[in-house]
Every structure is written in structure tokens, then in C-alpha cells.
Amino acid sequence: LAAGSIELLAQLAWSKTLLGFDFDGTLAPIVPRPGDARVAPGSLGTLAAVPLGAALLFLGPPYVWTAAVLLLAVGTWAAGRFCRDSGRSDDQRIVIDEVVGYLVTLAAASPTLFGLALGYGLFRLFDIWKPWPIRLVDRRVHGGFGVMADDVMAGLVGAPLLWLATIFVEPALRSLGVPLGRFG
């Protein structure tokens, strides 16, 4: 993408609800935003990313990685702008970090409902728990990249576990006759 295209995507993300936040609320009655939820906005933001993850996973891991990198760039810019303009750091209304973290985890999945669900569970586990080094990054890295970095790390921790489940657990479940919902 050309630099102008990335800037246009970032402006769109900032101005409407694509990233889960805006200031005018004009679409709020029509398009509910996960970041506005009073309970579990990160989990709802991740859940909202499942259809995107499924579509990308159907196309293949390179598409998952490409989307994750592009959304990381746009999300870093938009989250940095939000943090700077609002004076808040890592506001719950910002959910693009969950989308990117989930996609990073999902890049190791097989195209099955099992992979989508386990990827969701593993990403949320590490994003909420924040074991070392995720906790260290969460506490020490600030600004737009700081908003995104701990979720990317949670995805990077979850991905190898999801890959191992794809290699060892999925075949065992298939041998037991458990339908895994393959879609790719």
C-alpha cells in the first residue's frame, strides 16, 4: 500500500468505529462498539474479530499475517493519537489491539472452528493474565505502540501453543470422531 493509502485507512479508523472508539458517537445506536461495553470490552473486541479471522484463515496464514501487520501499523498510529489527544493510556475503548493480538495467535491455527475457538481462548488467557514478559511490556512501553505491544506479545505466546494443539490435539479429536468444523 502507498503511504497515502495507509494514512487514509488510519484517518478512517480514527474517525469512525473501526477501532472501537470515536468522539461523536454518531454510529453508536446503529453499530455497537465492543470498547463501549461495561464488562469485558477486550473479550468482546476479540469476539468481534472472529469473523475476520475466519475469513483470513480460510485464505491462508500469509493473509492472516499481512492483515495483522497492516492493522498493527494503523492501530499504533490511531492508538497513539487517541492517547495523546485524550490524555489516557490504553483506554478500554481501543480494541484494535485485541484484533491484532488475536490474528497473531490465529496465524498458527488450522482452518477449523476448533482453531478459531482455541485461538480465542489462548489469546484472551495471555492477554488477561499477562505473564512475564507480557506484563513487563504492558508496564514499560507506552503510547500507541505500548497499547498494541502487550497484545501482540500475548498473541506470540498463544500461537505456539495453538500450533501444538493443531499438531497433537486435533488429530486425537478427529480419531475420536469429534467434528472440528473444518472450513478451509
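If you're wondering where the values come from, they're calculated on a predicted model, not measured in any experiment. (Residues numbered from 1 in each chain as written. Predicted model: local features only at pLDDT ≥ 70, side-chain atom pairs only at ≥ 80, totals over all residues. Heavy atoms only, no water.)

1. Things to note about the nonpolar core
In plain terms, the rule: In plain words, nonpolar cores are sets of buried Ala, Val, Leu, Ile, Met, Phe, Trp, Tyr and Cys residues tied together by side-chain atoms within 4.5 Å. Working definition: with a 1.4 Å probe on protein chains only, accessible area under 20% of the residue-type maximum means buried, over 50% means exposed, and in between means partly exposed. Counting from the N terminus, the helices are DSSP H or I runs at least four residues long and the strands are E runs at least two residues long. A contact between two residues is defined here by any heavy atoms of the two lying within 4.5 Å.
Grouped together as the largest cluster of nonpolar side chains are 31 residues, with contacts concentrated most on L57, V64, I94, Y102, L103, L106 and L116. Sorting the residues of this core by element identifies α2 (41-59), α3 (61-86), α4 (96-106), α5 (113-129) and α7 (143-175) as the ones contributing at least two each. Here this core gets seven residues from one element, more than from any other, and that element is α4. Every residue in contact with V64, bar those within four places of it in the chain, is listed here: L56, L57, L103, L106 and A107.

2. Focus: α3
Defined as follows: For a helix, the expected span equals 1.5 Å multiplied by the residue count minus one.
For α3, with 26 residues, the first-to-last C-alpha span of 36 Å sits near the 38 Å given by 1.5 Å per residue. Residues of α3 that are buried include every one of V64, A67, A68, V74, G75, A78, A79, G80, F82 and C83, and no others. The positive-phi residue at the C-terminal boundary of α3 is G87, with phi of around 75°.

3. Quick word on the confidence of the model for the protein chain
The condition that has to hold: Across the chain, each position has a pLDDT score giving the predictor's confidence in that residue, from 0 to 100.
Taken residue by residue, the protein chain gives an average pLDDT of 84. The fraction at 70 or more is 79%. Model confidence for the protein chain, summarised as mean pLDDT per element, is weakest for helix α1 (residues 3-15) at 51 and strongest for α5 at 97. Note on residues 13-31: pLDDT is under 50 here. Beyond four places in sequence and across chains, it has 39 contacts.

4. Here we look at the pattern of salt bridges
Inclusion rule: In the sections that follow, a salt bridge refers to a side-chain nitrogen of Lys or Arg positioned within 4 Å of a carboxyl oxygen of Asp or Glu.
Here the structure, examined in full by the defined rule, presents six salt bridges. Residues R124 and D127 are paired through a salt bridge, measuring 2.6 Å at the closest nitrogen-oxygen approach. Of this pair, R124 and D127 both sit in helix α5, separated by three residues, roughly a single helical turn. In this structure, D150 engages K130 in a salt bridge whose closest nitrogen and oxygen atoms are separated by 2.7 Å. One end of the pair, D150, is in helix α7; the other, K130, is in the loop between α5 and α6 (134-140), with 20 residues separating them in the sequence. K130 shares its class with D150; the two are buried. Within the structure, one salt-bridge network assembled from shared partners comprises E98, R124, D127, K130 and D150.

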